[in-house]
Each structure stands twice: as structure tokens, then as C-alpha cells.
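# Close look at the chain arrangement
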Amino acid sequence: MSSMLKSTALLSASLLAIVNGQGIGTNLAETHPSLSWSKCTTSGGCVSTAGSVVLDANWRWVHNAAFTNCYTGNTWDKTICPDPTTCASNCQLDGAAYSSTYGITTSGNALTLNFVTGSNVGSRVYLMASNTAYQMFKVINQEFTFTVDLSTLPCGLNGALYFSEMAADGGSAAHPTNKAGAQYGTGYCDSQCPHDIKFINGAANMLNWTSTSTNSGTGMYGSCCSEMDIWEANSVSAAYTPHPCSSTGLLECSGSTCTSTCDQAGCDFNSYRWGDLNYYGPGMTVDTTKPFTVVTQFISSTGTASGTLSEIRRLYIQNGVTIQNSVTNIPGLTTYNSVSDAFCKAQKAATGDTDTFETLGGMAGMGSAMARGMVLVLSIWDDYAVDMLWLDSDYPTTASATAPGVARGTCATSSGKPATVEAAGGNVHVIYSDIRFGDIGSTYTGSPYVAPGGSTTGSTGPTSSKPTTTTSKPSTTTTTTAATQTMYGQCGGIGYT
């Protein structure tokens, strides 16, 4: 994602111990909500695949064998957790009440994530291949498509769908003290190297623990890995962003390694930021008051899965019409409508931003992570760091809004405050549905990608039937208010509890 810090999940009083535990508790059996998705080919069309989702471990209750909290509020129990290794041995991670506690529900191929349910705020889930393993995606020379309804998401919120280079088993094989594994949502990492992950590589991240809110804190270590933000958005602004890292898989970092290993800023494509002010939003070309389909194509230099990632393309489909991505229109930036090394270099030059994208691997580095396999993450969050200004407002706030790349959306720089959006968040939700993955051109029906100037070179026309939106538009919508945001956008990391 266009990355930075994520939302603090405020849990109910009975669940103040919710963290990333390592053993398996017995208070509540873990039952993953089912979620179907489709595998597609140009020759055979799309075939439905049975799947499910699992809640991230950082949201769960963790306790010892006597059901005493290992972590309460923002404090570790020093008796149960005198040191990181003993803590992991003593603590157990329990099952989740998905709907009643977290506001997570599924129906067929649709997943609904409520923003506020009781005292819980936000959530993060992963797509599962089995009861104990995440579904792994290798996306080079492939296409990923989904339908989204974010009509109720105002300024300051982020409905994020992205890939992280997590281990398929949640890290349990490499770190045997992590007995819970993917079944309980362990092993999270992303390009922000989040320090709020309470167990990393089978040990408690309790050293130098510092509280950041009533229910969260950060430890000495961060959890880094490459991240591909397919979608970070609300009803006002949207971006897709690759974030390569110089490391392979999950890297436990400390000190300066946590800020030098991954491209935390990323190379984002935000239509508003790059000059098309009427492309995305309520009543605009992509009308966010209604559901729409998002198509992302990962182009290979050789046209095969073994080639180097060379370009990431975007299409939208709404009301049966294919909508080409917007074209850049700011001073100093040649016309682009996709992400490539050339686009990333040009946008950094136009804005004066440091080009950490290129120095940390660029498209080839991002493609290497994709070739190894990545986990699909779906979330909803608010931003305690910078109020989501990096996504939907002017950011940085100290710069002129007329400077290239500063204006990212129409939200006010005073909006997006977590206290405000959480107080109004009872009817706010995002619906992800009809996930499809396969050959380029196989996951949707409509026009192929068109490059600026009209070229369709390298594109493949779709051959399968148009995806069906199975979820109706929410009956209750929230009027979009002005909001703000931060510099980097993160799909899940610092700030989660």
C-alpha cells in the first residue's frame, strides 16, 4: 500500500488481552468463515474455488492455561511473560467470534468487514487455502480482479486489499514455538516493518515495549516484508502501490534496519494525486456510490511467468462498461496510466521525493517477491499516525497544495481523526466480492488495456463472462466528510491491536 501506520483496534473489555499469541487456546474453537473465489484461464473460463478467511492474530485473546491475560490494555503481565521465550511458551491464542465481536461476515464469494462492532475497531483477515495454510499467489503474467463496495467509507478510512510476502504456514515450521500458525492468523509482515506485532518469529515482542494508546504499543522489533498494495481506498481517493524490500520473506528488524530494508513510501498511482481531479469519487468516472470491479494486470517482460515484472496495469468495470485508468497530468510527469520503473522514476523526479523504490529493487525486486509467492490480505482501518492524509488529502501538510504530488484527494487536512471516524463508524463497512485470479484477460469481460496514445500492445482481450456482483449496495450510507491522511499508507501494521 502507499504505506505508513494502521488503525488501533479498540477491543471490548472482555477482550483487552487480544494479541498475537503462539499456543492454541481452548476457550473458543476457531472456525474460519468460508469465502469462495475463482481461478480463471483464457481457455476454460473461471472455476469457483472453496476458500475461507482467518482473523489476524493481533486481534485475538491471548492467555495462559488458567485463562489469565498475557497482555492487558497496553501492558504485558510480567509474571506470565518475564522474557520473550517464556512468554511464547506460556501464552495461548484463542478462537475468534467473527461476526459478533469483529463484524466480519461472509456470504458466498462476498466478505463484509464492519469498521466498528461494539468496542472493536477495524480488522485484518487472510485468504486460506486450507485450515492451516494461507492461499499463496504468484501473480507475474497474471491478472487479479475483485468487486468492491466502499460507498460508506468516508475520509480518514481505508479499505485495503493487498499482498504481503508472509509464510504459507504463518511461520510455524521455521519457528516451532509458534504453534498456532496460519490457522490463527500469525506471521504478519509488511513494508512498514510494523513494531506493534506482539509475537514475531515465535517470541514475544515485549522488549522496550512502549504504549501508543490505551490498547496498543510497540516493541523493539519490527516485522518487514515486501508488499503489493492492490487497493487502498475510501469513497474519495484510491491508490495502488508496490513496496519492494531488499530482504526475502519476513525479516525481524531492529534499529535503522527497520527503515532501510523496505521501500516504505512506495511508488503509488493515485489518480487525483497525478492530476485527474474528476476520475474517482462520488458521481465521477469511477462512481464510488456504487459497487465496481477492479482489474490489476501484472505484466512480464517475456510474456511468461518466469519473466521480470515490467508493468502493473489497472482497469475498472462499472455498469458493464470498461473504464481505462486515468492518465497522469501534472508538470514534469510524462503521460502514464500504469506503474513501471519509468513511471516511478519520473514521479520521484517530479515531486522531489527520494527514490527508495529504485534503490530497494524497483519492479524487478517487487517481482522477485511475487515469484516466491504472497498472501492475500483484506482489511479496514483508520490511521492514528496521520489521519489517512497520505491517501485522501494534502500531504505533507507543511507543503503547498499546488506543489506536484501534494494534493491526494479532496478531504480537508483537519479530517480523518480516529476519534471522529470511530464515533461515526457504526454503519461503515467495506464489501469485497467475486475475487478472480488467472490469465491476463480471463477474469473479466470488456475492453483490453489501452496505453496512453491508444496502443493495446501486450494486452489480451478477455474471454470469460463478466463477473457478477453478488452483494447489493448497502442500504445505509454515510455522507463523505472532509478528511486528512498521512505520508505513507499501510495495509496493516503499526497501530493494530
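It should be noted that the structure appears before, not after, this text.
Residues numbered from 1 in each chain as written. Predicted model: local features only at pLDDT ≥ 70, side-chain atom pairs only at ≥ 80, totals over all residues. Heavy atoms only, no water.

### Re empty space enclosed by the protein
For the record, the criterion: With a 1 Å grid spanning the protein atoms alone, the term cavity applies to any set of points in which a 1.4 Å probe fits but cannot get out, the term pocket to an open set with protein on both sides within 12 Å along at least five of seven lines, and the term lining residue to any residue with an atom within 4 Å of a point. Grid points are joined across faces, edges and corners, and a volume is the space filled by probe spheres set on the points. Numbering of helices and strands runs from the N terminus; a helix is a DSSP stretch of H or I covering at least four residues, while a strand is a stretch of E covering at least two.
Across all of its chains, the model carries two cavities of 30 Å³ or more by this definition. Breaking the lining of the largest cavity down by element, the ones donating at least two residues are strand E24 (238-243) and strand E29 (309-318). Looking at the lining of the largest cavity, the element that brings in the most residues is E24, giving three residues.

### Quick look at helix H6 (residues 362-372)
Counted only if it meets this: Buried residues are those whose accessible area, probed at 1.4 Å on protein chains only, stays under 20% of the maximum for their type, while exposed residues exceed 50% and partly exposed ones sit between those limits.
Three or more residues of H6 are buried, namely Gly362, Met363, Gly365, Met366, Gly367, Ala369 and Met370. The first or second residue beyond H6 is Gly373, which carries a positive phi of 110°.

### Regarding the pattern of salt bridges
We apply this condition: One speaks of a salt bridge when a side-chain nitrogen belonging to Lys or Arg is within 4 Å of a carboxyl oxygen belonging to Asp or Glu.
Taken as a whole and judged by the stated rule, the model has nine salt bridges. Residue Glu358 pairs with Lys345 through a salt bridge whose shortest N-O separation is 3.4 Å. With Glu358 in helix H5 (residues 356-359) and Lys345 in helix H4 (residues 341-351), this residue pair connects regions lying 13 residues apart in the sequence. Taken together, the shared-partner salt bridges in this structure form one network comprising Asp268, Arg273 and Asp353.

### Some points on the sheet that holds strand E5 (residues 62-63)
Convention followed: Two strands qualify as a pair provided that DSSP identifies no fewer than 2 bridges between them.
A sheet is described by the order of its strands in space; here three strands give the open sequence E1-E8-E5, paired in mixed fashion. Each edge of the open sheet carries a strand with a single partner, namely strand E1 (23-24) and E5. Where E1 lies against strand E8 (residues 92-93), two bridges are found, and the strand directions are parallel. Within the sheet, the bridge partner assigned to Gly23 lies in E8 and is Gln92.

### Things to note about the nonpolar core
Put simply, the rule is: We define the nonpolar core as a collection of buried residues of types Ala, Val, Leu, Ile, Met, Phe, Trp, Tyr and Cys that are connected through side-chain atoms lying within 4.5 Å of one another.
Counting 92 residues, the largest nonpolar core has Phe144, Phe146, Trp231 and Tyr432 as its most contacted members. In terms of residue count, strand E31 (residues 374-382) provides more of this core than any other element does, seven residues in total. In this structure, Tyr71, Trp76, Ala88 and Met206 belong to the second largest nonpolar core, which totals 13 residues.

### Comments concerning the state of the cysteines
To keep things clear, this is the line we draw: Disulfides are defined as cysteine sulfur pairs within 2.5 Å.
Counted by the stated rule, this structure contains nine disulfides. Across a sulfur-sulfur distance of 2.0 Å, Cys40 and Cys46 are joined as a disulfide pair. Since a negative S-S torsion denotes a left-handed disulfide, the Cys40-Cys46 link at about 105° is right-handed. A sulfur-sulfur separation of 2.1 Å characterises the disulfide bridge that pairs Cys70 with Cys91. The disulfide joining Cys70 to Cys91 has a torsion of about -120° about its S-S bond and is therefore left-handed. Taken together, the positions of Cys70 in the loop between E5 and strand E6 (71-72) and Cys91 in the loop between helix H1 (84-90) and E8 put the pair 21 residues apart, joining distant regions of the chain.

### Thoughts on the layout of surface pockets
The line we're drawing: In this count, Pro and Cys sit with the nonpolar residues alongside Ala, Val, Leu, Ile, Met, Phe, Trp and Tyr, while Asp, Glu, Lys and Arg are called charged and the others, Gly among them, polar.
Estimates place the volume of the second largest pocket at around 260 Å³. Along the walls of the second largest pocket sit 23 residues, with Ala167, Gly171, His175, Asn201 and Leu250 positioned nearest its centre. Classifying every residue of the lining of the second largest pocket by side-chain character gives nine nonpolar, 12 polar and two charged.

### Describing the packing of aromatic side chains
Under the convention used in this document: Think of it this way: a Phe, Tyr or Trp ring, Trp meaning its six-membered ring, pairs with another when their centres are within 6.5 Å, and the plane angle makes it stacked under 30 degrees, edge-to-face over 60, tilted otherwise.
In the structure shown here, the tally under the stated rule is 26 aromatic pairs. Between Phe144 and Phe163, the aromatic rings sit 5.3 Å apart at their centres with planes inclined by 80°, giving edge-to-face as the arrangement. Of this pair, Phe144 sits in strand E16 (residues 142-149) while Phe163 sits in strand E17 (residues 157-164), and the two are 19 residues apart along the sequence. Classification of Phe144 by relative accessible area gives buried; the value is 0%. When the centroid spacing of 6.2 Å and the interplanar angle of 90° are considered together, the rings of Trp274 and Phe343 count as edge-to-face. Of this pair, Trp274 sits in the loop between helix H3 (257-260) and strand E26 (280-281) while Phe343 sits in helix H4, placing them 69 residues apart in sequence. Note on Phe343: relative accessible area 0%, which makes it buried. Within the aromatic cluster, the residues linked to one another by ring pairs are Trp37, Phe137, Phe144, Phe146, Phe163, Trp231, Tyr279, Tyr280, Phe292, Tyr316, Tyr432 and Phe437.

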